[in-house]
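# Notes for the structure review
Residues per chain are reported as follows:
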Amino acid sequence: LAMLAKGTGLAEVLNAIAIDLQAISPDALCCILLLDEESKKLRMGAAPGLPDYFRAAIDRLGVEEGMGACGRSVFSGQRVVTKDIESDPAWAPFLDLTRNAGLASCWSQPILSTQGRALGTFALYHRTVCSPSPEDIQLLEDEARLVALVIEKTTDETSLQLAASVFRHAREGIMIADATGTIIEVNETFTHITGYSRAEAIGQNPRMLHSGRQDSNFYTQMWSTLAEHGHWSGEVWNRRKNGEIYPETLTLSAVRDASGTTKNYVA
């Protein structure tokens, strides 16, 4: 969690989780596989205790051909325990690989999002034939939930960074207001178009841009359309900070929460 707070990358955090798990359970070899965006392949997340050739062999395997217990846990969304790899038909295509790595059993727990969507698998390999104890199962479940948290938080942060970058570099001026119409954020293109700095715009009402060329009926109709349909597009005359009046193509959108309540406006 401290690594997440620092913005550490997903691969490094997953590797730390795997190393910590192996410190807790020295007989276990941890393997975290992540489902790709198309939900078709399992890619390597972390497996610091497994040989390089093993990690390379299972990276990017199709889910339908995924390593025995791991593939099945993704399909079913349920924990899959393979007590004895040698005797399990699902592992037949991979016996040479597991024999070379000295692996005898595998316990695989699906990694599920908060919405129940499969994100990957959290697996523990052992060099002896064995089944998990109740404590082992609890550990598997706890670690899989932790990995799910890491994946979702890292994905959310990446999305936020992308959105922030798009906002900053957009060639269109963008203004965000709260539900009362108070400006809470603008981008650089907005300041270039209007002449108002970010500090001057935040906390103000968009009325500061009004040119006076449209009467109150124009704005009443605009807000009525926005309230009814959630968006409005058209042309307006606005006034820059230096007093210059200019024509502007404008799109307004209402941002609503799950209950339909308007939280913000984006122009």
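If you're wondering where the values come from, they're calculated on a predicted model, not measured in any experiment.

On to the overall build of the chain. On a plain count of helices and strands, the chain comes out with nine helices and 11 strands. In terms of overall dimensions, the chain is more spread out than a globule: its C-alpha atoms have a radius of gyration of 27 Å, far above the 18 Å expected for 267 residues. In terms of overall dimensions, the chain has C-alpha extents of about 80 × 35 × 30 Å along its principal axes. Long-range pairs, those at least 24 residues apart, make up 47% of the contacts in the chain with a sequence separation of at least 6. Counting 24 positive and 33 negative side-chain charges, the chain places the centres of these two groups 5 Å from one another.

In this section: the environment of glutamine 214. Following the sequence through the fold, glutamine 214 ends up in the loop between α8 (198-201) and α9 (216-229). On the basis of relative accessibility, which here comes to 15%, the residue glutamine 214 falls in the buried class. Spatially, the C-alpha atom of glutamine 214 lies 54 Å from that of alanine 2, the residues being 212 residues apart in sequence. Polar contacts involving the side chain of glutamine 214 include one to the side chain of tyrosine 219, which spans 3.5 Å. Polar contacts involving the side chain of glutamine 214 include one to the main-chain amide nitrogen of tryptophan 237, which spans 3.5 Å.

Moving on, we come to the pairing of strand β1 (residues 29-35). When a strand is regular, its side chains alternate between the sheet's two faces. β1 sits mainly inside the fold: seven of its seven residues count as buried. Neither face of β1 is left uncovered, since the one carrying Leu29, Cys31, Leu33 and Leu35 and the one carrying Cys30, Ile32 and Leu34 both have all their residues buried. Sheet topology places β1 next to strand β6 (residues 118-126); six bridges connect them, and they run antiparallel. What sits directly across from isoleucine 32, in β6, is phenylalanine 122. In this structure, β1 lies alongside strand β2 (residues 41-46), joined through four bridges in antiparallel fashion. Bridging from a neighbouring strand, leucine 33 pairs with methionine 44 of β2.

Attention now moves to the side chain of aspartate 36. Along the chain, aspartate 36 falls in the loop between β1 and β2. Arginine 60 provides the closest opposite charge to the buried, unpaired aspartate 36, separated from it by 5.0 Å. Apart from residues no more than four positions distant in its own chain, aspartate 36 is found in contact with Lys41 and Arg43.

Read across the sheet, six strands follow the order β3-β2-β1-β6-β5-β4 without closing on themselves; strand pairing throughout is antiparallel. Each edge of the open sheet carries a strand with a single partner, namely β3 (61-62) and β4 (80-82). Note that strand β5 (residues 105-112) and β6 share eight bridges and pair antiparallel. From the neighbouring strand, serine 108 faces β6, where its bridge partner is alanine 123.

Attention shifts here to the sheet that holds strand β10 (residues 245-256). Taken in spatial order, the five strands line up as β8-β7-β11-β10-β9 in an open sheet, and their pairing is antiparallel. Edge positions in the open sheet fall to β8 (183-186) and β9 (231-239), since each of these has one partner strand only. Direction aside, the axes of adjacent strands within the sheet are offset by 25° on average. The pairing of β10 with strand β11 (residues 262-266) spans four bridges and is antiparallel. When the sheet's bridge partners are listed, valine 255 is paired in β11 with asparagine 264. The strands touched by α9 are β9, β10 and β11; relative to β9, the strand with the most contacts, the crossing angle is about 150°.

What counts and how
- Residues numbered from 1 in each chain as written.
- Predicted model: local features only at pLDDT ≥ 70, side-chain atom pairs only at ≥ 80, totals over all residues.
- Heavy atoms only, no water.
- Helix = DSSP H or I, 4+ residues; strand = E, 2+ residues; numbered from the N terminus.
- Rg over C-alpha atoms; globule rule 2.2 N^0.38 Å.
- Contact = heavy atoms within 4.5 Å.
- Lys, Arg positive; Asp, Glu negative; His and termini not counted.
- Charge placed at Lys NZ, Arg CZ, Asp CG, Glu CD.
- Buried < 20%, exposed > 50% of the residue type's maximum accessible area, 1.4 Å probe, protein only.
- Polar contact = N/O pair within 3.5 Å; in protein donor to acceptor, adjacent residues only side chain to side chain.
- Pairing = 2+ DSSP bridges.
- Salt bridge = Lys/Arg side-chain N within 4 Å of Asp/Glu carboxyl O.
- Axes fitted to C-alpha atoms, helices over the stretch in contact; angles between N-to-C directions.

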